[in-house]
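Residue-level listing of the chains:
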Amino acid sequence: MKHSYMKSMVVACLATLSFIGFNATATAATNYKVVKGDSLWKLGKRYSVTIDDIKKINNRQGDMIYIGETLAIPSKTKVLAAETTEPSTAAPANMAKPEAKPAEQETPAVSISASEKDLLARLVEAEAKGESYEGKVGVATVVLNRVDSPKFPDTVTGVIKQVVGKAYAFSPVQNGSINKPASEDSKKAVEQALTRKDRLDDSIYFYNPKTATDNWIRSRAVIKTIDHHVFAK
């Protein structure tokens, strides 16, 4: 009798520990000191977390960070959850089936403000008007690649409005065509580029070989040609 009681107690304890272990969620944080050139976007990419994750753990509302300050960077582990099952009951034959939920939109790998999305979409429209959807995504990708490159400004606005010599880096900014509204295709192309699924091998240049007059740009390593644009690095 005593042996049977002890055996029951051991089984009960093991079951309890198993339940607790499978429902545990571990969340750790790393302290990071901000240096020149950092942004929430770059920190999110480096640590594979979202901007919102960083802002939440640091109780931040805005996107501004300052050189020398220390930020907590969340490092989330997988949540091990025990599956619970309930006795199934047969639904009446005349019960309506639940409607299928629409497919969720792909989550961007990086996050930029609504105003920067609009600015980027207008640049895409001006640079790739008449080009295919793939060509539009390519133009947006080059801008995002420049943001990630130490050779260029570290924001979308900074890259698009960069001045090289005595002129803007992108001709639509120089001639004012960037001020025209973007098409739906250009807006969708920006969203697609933000997923960062295809970085075009980190291309940071694009040009039309039929109209380009700069011989230096032709010396860059060609990655891909889409429609009328050559993408290079």
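Preceding block: the structure.
Residues numbered from 1 in each chain as written. Predicted model: local features only at pLDDT ≥ 70, side-chain atom pairs only at ≥ 80, totals over all residues. Heavy atoms only, no water.

Re the sheet that holds strand 5 (residues 205-207)
Counted only if it meets this: Strand pairing follows a simple DSSP-based rule, namely that at least 2 bridges must link the two strands. By definition, any uninterrupted DSSP run of H or I lasting at least four residues is a helix, any uninterrupted run of E lasting at least two residues is a strand, and each is numbered from the N terminus. What counts as an axis is a line fitted to C-alpha atoms, over the stretch in contact for a helix, and the angles between N-to-C directions run from 0 to 180 degrees. Here, two residues are considered to be in contact whenever any of their heavy atoms come within 4.5 Å of each other.
On the basis of which strands lie adjacent, the open sheet formed by three strands has the order 5-7-6 and antiparallel pairing. Looking at strand neighbours, the two that pair on one side only are strand 5 and strand 6 (222-226), the edges of this open sheet. Strand-to-strand twist of the sheet, defined as the mean angle between neighbouring strand axes without regard to direction, takes the value 20 degrees. Pairing analysis gives three bridges linking strand 5 to strand 7 (residues 229-232), with the strands arranged antiparallel. For Tyr-207, the partnering residue across the bridge sits in strand 7 and is Val-230. Along the sheet, helix 5 (residues 133-148) makes contact with strand 5, strand 6 and strand 7, crossing strand 7 at roughly 30 degrees.

Considering helix 2 (residues 40-47)
Test applied: The buried label applies to any residue whose accessible area, calculated with a 1.4 Å probe on protein chains only, is under 20% of its type's maximum; exposed applies above 50%, and partly exposed to all values in between. To obtain the arc, one takes the directions from the helix axis to the C-beta atoms.
For helix 2, every residue scored as buried is listed here: Leu-40, Trp-41, Leu-43 and Gly-44. Mapping the buried residues of helix 2 onto a view down its axis gives an arc of 165 degrees, with all of them on the same face. Looking one or two residues beyond helix 2, the residue adopting positive phi is Ser-48, at roughly 60 degrees.

Quick word on the layout of surface pockets
For the record, the criterion: Every definition here rests on a 1 Å grid over the protein atoms only: cavities are sets of points where a 1.4 Å probe fits but cannot get out, pockets are open sets enclosed by protein on both sides within 12 Å along at least five of seven lines, and lining residues have some atom within 4 Å of a point. Grid points are joined across faces, edges and corners, and a volume is the space filled by probe spheres set on the points. When residues are sorted by character, Ala, Val, Leu, Ile, Met, Phe, Trp, Tyr, Cys and Pro go into the nonpolar class, Asp, Glu, Lys and Arg into the charged class, and all the rest, Gly among them, into the polar class.
In this structure, the largest pocket encloses a volume near 660 Å³. Together, 21 residues line the largest pocket, and Ala-169, Phe-170, Phe-206, Tyr-207 and Ile-217 are the ones closest to its centre. Of all elements in the fold, only strand 4 (167-168), strand 5 and helix 9 (215-218) reach the threshold of two or more residues within the lining of the largest pocket. Per-element accounting of the lining of the largest pocket gives the leading share, three residues, to strand 5. Considering only residue class, the lining of the largest pocket consists of 12 nonpolar, six polar and three charged. Broken down by secondary-structure element, the contributors of at least two residues to the lining of the second largest pocket are helix 2 and helix 3 (51-57). Considering every element that reaches the lining of the second largest pocket, the biggest residue donor is helix 3, with three residues.

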